[in-house]
Amino acid sequence: MQVVETVDELRRARAALRTRRIGLAPTMGALHAGHMSLVEAARAENRFVIATIFVNPTQFEPGTDLNQYPRDLPRDLAILEAAGCDLVFTPTPEVVYPRGFQTTVTVSEVSQVLEGARRPGHFQGVATVVAKYFNLTQPKTAYFGQKDAQQVVVIRRMVRDLNMPLKIAVCPTVREPDGLAMSSRNVYLNPRQREQSAVLYRALQKAARAYEAGERNPNRLRRIARDVLEAYDGIAPEYVSLAHPRTLQELNNPTDAPMLLSLAARMGTTRLIDNVLLPPHLNTREGLTATLGV
Ligand code: PAF
């Protein structure tokens with residue numbers, strides 16, 4: 001496995017490739033089983049697999065966890081090598097944003113709701129760095145996780161709007177045995193918070209069961225999930241959304257069409273997010289890839 005830190009090295013490695021079947025798994029490191037599912041899908045479907053490890057400062061709002069964000073490059077590289085990754089890009093902030101950098105990618109409407117409404121600038125940071133990865137690596141397919149469903153919608157909109165020649169594949173959320181979605185930020189939870197954190201998935205599941213029993217009223221489905229969260233003292237719900245999976249606009253009328261049920265909650269200083277598609281049978285690689293975003 002080759003590890004490169006500069007744009008020139010990455011360009012040279014990319015130019016030497018004789019295949020178009022390149023899979024890209026962008027990450028911020030602190031790898032867990034969720035990331036590995038992206039790398040494994042990329043490995044299974046391509047001749048060459050590229051991963052990135054970069055804690056992208058521009059997607060952290062001022063005063064949040066940029067400095068605290070877990071980093072362990074030697075561990076991450078060992079995991080990627082064992083998973084059969086071929087090339088890893090591990091740039092510094094100066095490599096990605098050299099002096100004089102002044103170009104950003106703004107995906108407007110789908111960035112403004114949900115996470116975007118609470119994390120100003122976040123999706124501009126994500127879209128800009130991901131556009132750079134796409135330009136530098138020119139993959140056939142890039143792999144993203146369901147857990148950041150809005151990120152998928154934003155990136156797909158960017159790919160469509162800017163005619164970027166690649167496919168976006170979406171891999172289902174990987175969960176701990178109690179249902180907590182894997183996230184590099186789960187290490188911030190203390191033992192009591194970690195125990196309670198499975199309630200996010202329980203809230204989603206309760207609404208999904210109501211859906212399967214025939215409930216289609218968006219307000220009632222949102223209420224069912226919110227009531228589960230509100231039953232816990234240590235959890236402060238930020239939003240419970242039932243939205244169109246392509247536009248992310250909130251739904252108000254009952255529908256049998258696919259919906260994205262997503263939520264965010266704070267446990268102390270840690271913010272957790274999770275989501276499921278309704279109907280629940282869509283929460284597969286194929287269902288997610290066909291349903292989330294344009
Ligand atoms: O999902 C992430 O880890 C990040 O947002 C990404 C896509 C690697 C961009 O920094």
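Before reading on, note that the structure itself is shown above.
Here's a quick rundown of the structure.

Parameters and conventions
Residues numbered from 1 in each chain as written. Predicted model: local features only at pLDDT ≥ 70, side-chain atom pairs only at ≥ 80, totals over all residues. Heavy atoms only, no water. Helix = DSSP H or I, 4+ residues; strand = E, 2+ residues; numbered from the N terminus. Buried < 20%, exposed > 50% of the residue type's maximum accessible area, 1.4 Å probe, protein only. Contact = heavy atoms within 4.5 Å. Areas by Shrake-Rupley, 256 points an atom, 1.4 Å probe, with all protein chains shown as cover. Lys, Arg positive; Asp, Glu negative; His and termini not counted. Charge placed at Lys NZ, Arg CZ, Asp CG, Glu CD. Near = heavy atom within 4 Å. Polar contact = N/O pair within 3.5 Å; in protein donor to acceptor, adjacent residues only side chain to side chain. Nonpolar A, V, L, I, M, F, W, Y, C, P; charged D, E, K, R; others polar. Salt bridge = Lys/Arg side-chain N within 4 Å of Asp/Glu carboxyl O. Phe/Tyr/Trp six-rings, centres within 6.5 Å; stacked < 30°, edge-to-face > 60°. Lys NZ or Arg CZ within 6 Å of the ring centre and 35° of its normal. Pairing = 2+ DSSP bridges. Axes fitted to C-alpha atoms, helices over the stretch in contact; angles between N-to-C directions.

Next up on the list: the overall build of the chain. A tally of regular secondary structure across the chain gives 12 helices and 9 strands. Counting only C-alpha atoms, the chain reaches 55 × 40 × 35 Å along its principal axes. Counting every position in the chain, which comprises 294 residues, the buried fraction comes to 54%. When contacts within the chain are restricted to residue pairs at least 6 apart in sequence, long-range pairs at least 24 apart make up 73% of them. As presented, the chain carries roughly 13,500 Å² of accessible surface, and 50% of it is formed by carbon and sulfur atoms. Charge separation in the chain, taken as the distance between the mean sites of 36 positive and 29 negative side-chain charges, equals 5 Å.

Lining the immediate surroundings of the ligand are P26, T27, M28, N56, Q59, V126, V129, V130, F144 and Q151. Measuring from an oxygen atom of the ligand, one finds a side-chain N or O atom of Q59 at 2.6 Å. For the ligand, the protein covers 90% of the area, taking 290 Å² as the surface of the free molecule. Those elements giving two or more residues to the shell around the ligand turn out to be strand 2 (22–27) and helix 7 (122–137). For the shell around the ligand, the leading source of residues is helix 7, giving 3 residues. When grouped by side-chain class, the residues that make up the shell around the ligand number 6 nonpolar, 4 polar and no charged.

On to the pattern of salt bridges, then. The full count for this structure, using the stated rule, is 18 salt bridges. Where D274 meets R175, a salt bridge forms, and the shortest distance between an N and an O atom there is 2.8 Å. Linking D274 in strand 9 (residues 270–278) with R175 in the loop between strand 6 (167–171) and helix 9 (191–196), this pair joins segments that are 99 residues apart in sequence. Looking at D274, the relative accessible area reads 3%, which means it is buried. Here the salt bridges share partners, and the residues they tie into one network are E115, E238, R266 and R271.

This brings us to the packing of aromatic side chains. Any pair of aromatic rings gets described here by the distance separating the centres and the angle formed by the planes. Counted under the stated rule, the structure contains 4 aromatic pairs. With centroids separated by 5.0 Å and ring planes inclined at 85°, the aromatic side chains of Y97 and F101 adopt a geometry described as edge-to-face. Look at F134 and F144: their rings are 6.4 Å apart centre to centre, the planes differ by 75°, and that puts the pair in the edge-to-face class. Here F134, found in helix 7, pairs with F144, found in strand 5 (residues 141–145); they are 10 residues apart in sequence, far enough to count as distant. In this structure an aromatic cluster arises from ring pairing among F54, Y97 and F101. It is R216 that lies over the ring of Y211; its NZ or CZ is 3.7 Å from the centre.

This part is about the sheet that holds strand 6. Here 6 strands make up an open sheet; going across it, the order is 1-4-3-2-5-6 and the pairing parallel. Unpaired on one side and paired on the other, strand 1 (2–4) and strand 6 mark the two borders of the sheet. Ignoring strand direction, the axes of neighbouring strands in this sheet form an average angle of 25°. In terms of strand pairing, strand 5 meets strand 6 through 5 bridges, oriented parallel. Note that in strand 6 the partner of F144 across the bridge is V170. Across the sheet, helix 3 (residues 73–82) touches strand 1, strand 3 (48–53) and strand 4 (87–89), and the angle it forms with strand 3 is around 165°.

A cis amide bond, omega 0°, links L278 with the succeeding residue P279. Within the secondary structure, P279 sits in the loop between strand 9 and helix 12 (285–291). Look at A30: it is not a glycine, yet its phi comes out positive at around 50°. Mapped onto the elements of the fold, A30 is located in the loop between strand 2 and helix 2 (33–45). With relative accessibility at 15%, the residue A30 sits in the buried group. Unlike most non-glycine residues, N163 shows phi in positive territory, near 50°. The topology assignment puts N163 in the loop between helix 8 (149–161) and strand 6.

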